[in-house]
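# Overview (structure and organization)
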Amino acid sequence: MKKIRLTTAILAGLLVCPFIATAQFKNKKTEQDVPKTETDLLLEQAQTAENPVVITLEQALQIALSENVAVKVADLEIKRTEYAKKGAYAALYPQIDLSASYQRTIKKQKMYMNMGGSPMEIEVGMFNTLNAGATAAMPLVNAQLWKSLKLSAIDVELAIEKARSSRLDMVTQVKNAYFSILFAKEALNVYEQVYDNAMKNLEETQKKYDSQKVSEFELIRAKTTVANSIPNVYNAESSVELALWQLKAVLGVDLDMNLDIAGNLDDYSQQMLYDIHQHDTVSLDRNTTMRQLAYQVEQLAENIKLQKYACIPSLAASFNFSYISMANDVSFKEFPWSPYSTVGLSLSIPIFSGLKRHQAIRQAKNQYQQVQLQVDNTERQLKIAIRQNLNTMETNMKSYYAAQEAVTSAKKAYDIAEAAYKVGRSTLIELNDAQLALTQSQLAQSQAIYNFVTAKSQLEQTLGIEAN
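Structure report, in brief. (Residues numbered from 1 in each chain as written. Predicted model: local features only at pLDDT ≥ 70, side-chain atom pairs only at ≥ 80, totals over all residues. Heavy atoms only, no water.)

Below, the discussion takes up the sheet that holds strand β8 (residues 337-348). Here we have 4 strands laid out as an open sheet, ordered β2-β5-β7-β8, and antiparallel in their pairing. A strand with exactly one partner marks an edge of an open sheet, and here the two such strands are β2 (95-104) and β8. Neighbour-to-neighbour, the strand axes of this sheet turn through a mean angle of 15°, independent of strand direction. In this sheet, β8 lies alongside strand β7 (residues 314-327) in antiparallel orientation, the contact comprising 12 bridges. Its bridge partner lying in β8, Ala-317 is registered against Leu-345. (Pairing = 2+ DSSP bridges. Helix = DSSP H or I, 4+ residues; strand = E, 2+ residues; numbered from the N terminus. Axes fitted to C-alpha atoms, helices over the stretch in contact; angles between N-to-C directions.)

In this section: the packing of aromatic side chains. As enumerated under the stated definition, the model contains 7 aromatic pairs in all. With 6.4 Å between their ring centres and 80° between their planes, Tyr-323 and Trp-337 make a pair best called edge-to-face. Of the two residues, Tyr-323 is situated in strand β7 and Trp-337 in strand β8; the sequence distance between them amounts to 14 residues. We classify Tyr-323 as partly exposed; its relative accessible area is 34%. By relative accessible area, which is 42% here, Trp-337 ends up partly exposed. One aromatic cluster is present, built from ring pairs that chain together Tyr-178, Phe-179 and Tyr-268. The ring of Tyr-421 carries the charged tip of Lys-208 above its face, separated from the ring centre by 3.9 Å. (Phe/Tyr/Trp six-rings, centres within 6.5 Å; stacked < 30°, edge-to-face > 60°. Buried < 20%, exposed > 50% of the residue type's maximum accessible area, 1.4 Å probe, protein only. Lys NZ or Arg CZ within 6 Å of the ring centre and 35° of its normal.)

Here the focus is a nonpolar patch on the surface. On the surface, Met-111, Met-113, Met-115, Met-120, Ile-122 and Val-124 cluster together into a nonpolar patch covering about 490 Å² of accessible area. At the level of secondary structure, the elements contributing two or more residues to the nonpolar patch comprise β3 (109-115) and β4 (118-124). Residue placement: Met-115 occurs in strand β3. (Patch = residues over 30% accessible without salt bridge, like charges linked within 9 Å, V, L, I, M, F, W, Y side chains within 5 Å. Areas by Shrake-Rupley, 256 points an atom, 1.4 Å probe, with all protein chains shown as cover. Salt bridge = Lys/Arg side-chain N within 4 Å of Asp/Glu carboxyl O.)

Glancing now at the environment of Pro-52. Along the chain, the position of Pro-52 falls in the loop between α2 (38-48) and β1 (53-55). For Pro-52, a relative accessible area of 44% translates into the label partly exposed. In this structure the C-alpha to C-alpha distance between Pro-52 and Leu-259, which are 207 residues apart in sequence, comes to 5.0 Å. With sequence-adjacent residues up to four places away left out, Pro-52 is seen in contact with Asn-258, Leu-259 and Asp-260. (Contact = heavy atoms within 4.5 Å.)

A few words now on the pattern of salt bridges. Following the criterion strictly, the structure yields 12 salt bridges and no others. Asp-75 is the salt-bridge partner of Arg-167, the closest N and O atoms lying 3.0 Å from each other. Of the two residues, Arg-167 is situated in helix α5 (residues 143-210) and Asp-75 in helix α4 (residues 69-89); the sequence distance between them amounts to 92 residues. Here Lys-175 makes a salt bridge to Glu-460, at a shortest N to O gap of 3.0 Å. You can see Lys-175 sitting in helix α5 and its partner Glu-460 sitting in helix α9 (residues 428-463), a full 285 residues away along the chain. Per residue, the accessibility class of Lys-175 equals that of Glu-460, and both read buried. Salt bridges sharing common partners tie together Glu-161, Arg-164 and Arg-291.

This next bit is on the nonpolar core. If you look at soluble globular proteins, the nonpolar side chains tend to sit buried side by side. With 60 residues, the main nonpolar core has Val-174, Tyr-178 and Leu-251 as its most contacted residues. Broken down by element, the residue count for this core peaks at 11 residues, all from α5. With residues near it in sequence (within four places) discarded, Val-174 still touches Leu-57, Ala-60, Leu-61, Ala-64, Leu-247, Val-250 and Leu-251. Judged by nonpolar contacts, the second largest core, of 13 residues, contains Ala-198, Ala-222, Val-226 and Leu-431. (Core = buried A, V, L, I, M, F, W, Y, C linked by side-chain atoms within 4.5 Å.)

Contact pair helix α6 (residues 216-251) / α9: the axes reach a minimum separation of 10 Å and the direction vectors enclose 20°. Between α6 and α9, the angle falls in the class roughly parallel. Note that α6 runs across α9; the crossing there is left-handed. Contact residues: Glu-218, Arg-221, Ala-222 and Thr-225 in α6; Leu-428, Ile-429 and Asn-432 in α9. Partitioned by chemical class, the residues of the contact of α6 with α9 number 3 nonpolar, 2 polar and 2 charged. (Parallel < 35°, antiparallel > 145°, perpendicular 65-115°, else oblique. Left-handed = near helix turned anticlockwise from the far one by under 90°. Nonpolar A, V, L, I, M, F, W, Y, C, P; charged D, E, K, R; others polar.)

With respect to the secondary-structure elements, Ala-402 resides in helix α8 (residues 356-422). As for Ala-402 and Glu-77, which are separated by 325 residues in sequence, their C-alpha atoms are 48 Å apart.

Below is the structure:
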């Protein structure tokens, strides 16, 4: 017996080991042969680079598509539903099972008989019973099963649409985070200019004070202006850093990765020529929320049919083949094996189940009506959101052009005030007022661009536009 077990183990090892080795070789070969993408190379460079690796918006979107956790989860969900669909189709094939059982009789059953007026008792059966065989079953007519396959197919389509929704949401988040960095950098540039101008005015005021052309009050005011400009620079620097962390989090990369972004907010000012009226007739055909609701409506409609099909008779085929052996000898050396086999059809006709099937149909219809109401309400809310985004875009288009003119005027006014202050024809208060007006107009211009591009990004997500 030990030799047989050892031989079996060796043979199993010889059979299995080549498959394991082949699988490992294929995995290693696959890992080595897969070429690194541009995104992989970019991330490797950012991990070790001393200077920040500058990426564009398109590169940021590519990184997010490969590293974003929500996108990965959505892709895995598609695979899960595909597996579930294949599992549902498996119900159409024969279900084959092998079974074996052993039974030891402790006390045999006795049968009593009356033979010629004399009672007799006979022990029935053997002490040991061994049973082994195979069973197979296959549905021939099952309307509910066929309808459930349709539901499994819709599940896959719904998962694909949910993955698309995750991508659209990810694109919007990346764009907003990217634009937030650009806006924070614009604010930092403005506040650094304010600080530089304040320092330059302080030097000019100090010279005038040393030559007794201005009072000490004027010098103190110049120093105060410099001191007031410093916190704004620090806050702006902090905002840039926080915005970069937010972008890295959305991309799904390490927060310590040395990344920076290219461009400036003014590069997107050309988008302000957007034609608002192209959306006078709003279409929600590509909106992911409406598509998901459409799949849910289809699922519930099929579910109503599924509940109705529970009233339809079903037919199944079955097959059974087994061997049974009985003996008093535990060694089972000399005893007969008796084959036993059957084949048959099973017809099930539903008659009455306490109105359970009827209530299930009513429940399915109720769920269908609920989702229909939800569809109507969601459509109204989405149309409101679209109009709100369009209104925001139009407002900021007007604000941008107004701020553009204000920046030009404020810059000219500041240059005049600065020149007049140098020759003593204006005061520091007037110069500071001109600086404040310039700062407000510059920030208003950047704010208008930022508000416009973020509203446009949200509009594209609502419309289901997979923009770059």
